[in-house]
Amino acid sequence: DELELSELSVNKEISYNSYYLGDHNKNIYLVDKKNKKEYKINPKKGIVSEIGNENKKGAIYDEKWENISLNKLVNKEYKFTEKTIFDYKIINEHLYLDIDKNLILVTNNKVKEIIYTHQDEVYYLVKNVLFVYSPNSGEVKLLENSEWNFNYRNTIFIFD
């Protein structure tokens, strides 16, 4: 597959003080903390829709769609969650694969944060290095960025 970069113009002010909630059904969900709005972005069609604001509850995907107040979305950074057979967890800075409450150590590295999971894959940060792990391919170093020692939230996005 060849990657294509495109620019999406919007006629709305979306603050830099925003965060990525997650993606679902090829749509991206974003919370604008400053303006207290939630957006649904369809990159393929180039459509940006406001789905939540101070007068209308937003939405979050936590194994199913749930309504949530914008105050909660603004005051705490949420992430979409989906139930999968492969559930990755950080326990005492180590990454584990949890299959039916059986824990399997994935890496001895001190894991800072899980960035993204998809099916059996997990993307995670160790200091300033992004790794991916799957039971089939093991642990693979992807990228290194010294900035990630200080600032990594909302700067790494994995799309499948």
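Residues numbered from 1 in each chain as written. Predicted model: local features only at pLDDT ≥ 70, side-chain atom pairs only at ≥ 80, totals over all residues. Heavy atoms only, no water.

Comments concerning the packing of aromatic side chains
Going by this rule: Two rings belonging to Phe, Tyr or Trp (six-membered ring only in the last case) form a pair when the distance between their centres is within 6.5 Å. Interplanar angles under 30 degrees mark stacking, angles over 60 mark edge-to-face geometry, and anything in between is tilted. Partly exposed describes any residue whose relative accessible area lies between the buried limit of under 20% and the exposed limit of over 50%, with all areas from a 1.4 Å probe on protein chains only and scaled to the type maximum.
Scanning the model with the defined rule gives eight aromatic pairs in all. On the numbers, 5.2 Å between centres and 75° between planes, the contact of Tyr61 with Trp65 is edge-to-face. Centre to centre, the rings of Tyr124 and Phe131 are 5.8 Å apart; their planes meet at 15°, and the pair counts as stacked. On the basis of relative accessibility, which here comes to 0%, the residue Tyr124 falls in the buried class. By relative accessible area, Phe131 is classed as buried at 12%. Aromatic ring contacts, followed pair by pair, group Tyr29, Tyr61, Trp65 and Phe80 into a single cluster.

Describing the sheet that holds strand 8 (residues 94–99)
Paired through backbone hydrogen bonds, the strands of a sheet run either parallel or antiparallel to each other. Selection rule: Any two strands are treated as partners once DSSP identifies two or more bridges connecting them. Only DSSP runs of H or I covering at least 4 residues are called helices, and only runs of E covering at least 2 are called strands; the numbering of each starts at the N terminus. Only the contacting stretch of a helix is used when fitting its axis, a line to C-alpha atoms as for every element, and angles between N-to-C directions run 0 to 180 degrees.
Across the sheet, which stays open at both edges, the three strands sit in the order 7-8-9 with antiparallel pairing between neighbours. The open sheet has two edge strands with one neighbour each: strand 7 (87–91) and strand 9 (102–105). The mean angle between the axes of side-by-side strands here comes to 35°, regardless of whether they run parallel or antiparallel.

Details of a negative patch on the surface
Where we set the bar: Like-charged residues are merged into a patch within 9 Å and nonpolar side chains (Val, Leu, Ile, Met, Phe, Trp, Tyr) within 5 Å, provided each residue has over 30% relative accessible area and no salt bridge. Here the open area of atoms and residues is found with the Shrake-Rupley method and a 1.4 Å probe, where only the protein chains shown may cover a residue. The rule for a salt bridge is simple: a side-chain nitrogen of Lys or Arg has to be within 4 Å of a carboxyl oxygen of Asp or Glu. The positive count covers Lys and Arg only, the negative count covers Asp and Glu only, and His and the chain ends enter neither. By convention, the charge on Lys lies at NZ, on Arg at CZ, on Asp at CG and on Glu at CD.
Taken together, the side chains of Asp62, Glu63, Glu82 and Asp87 present a region of like negative charge at the surface. Looking at where Asp87 falls in the secondary structure, it is placed in strand 7.

Some remarks on the sheet that holds strand 11 (residues 121–126)
The antiparallel open sheet is built from four strands, whose spatial order is 10-11-12-13. Whereas interior strands pair on both sides, the edge strands pair on one side only; in this sheet they are strand 10 (113–118) and strand 13 (138–144). Across the sheet, the axes of successive neighbouring strands diverge by a mean angle of 20°, strand direction being ignored. Examined bridge by bridge, strand 10 and strand 11 share five bridges and lie antiparallel to one another. Bridging across to strand 11, Glu113 finds its partner in Leu125.

Scope: geometric values only; no functional claims are made or implied.
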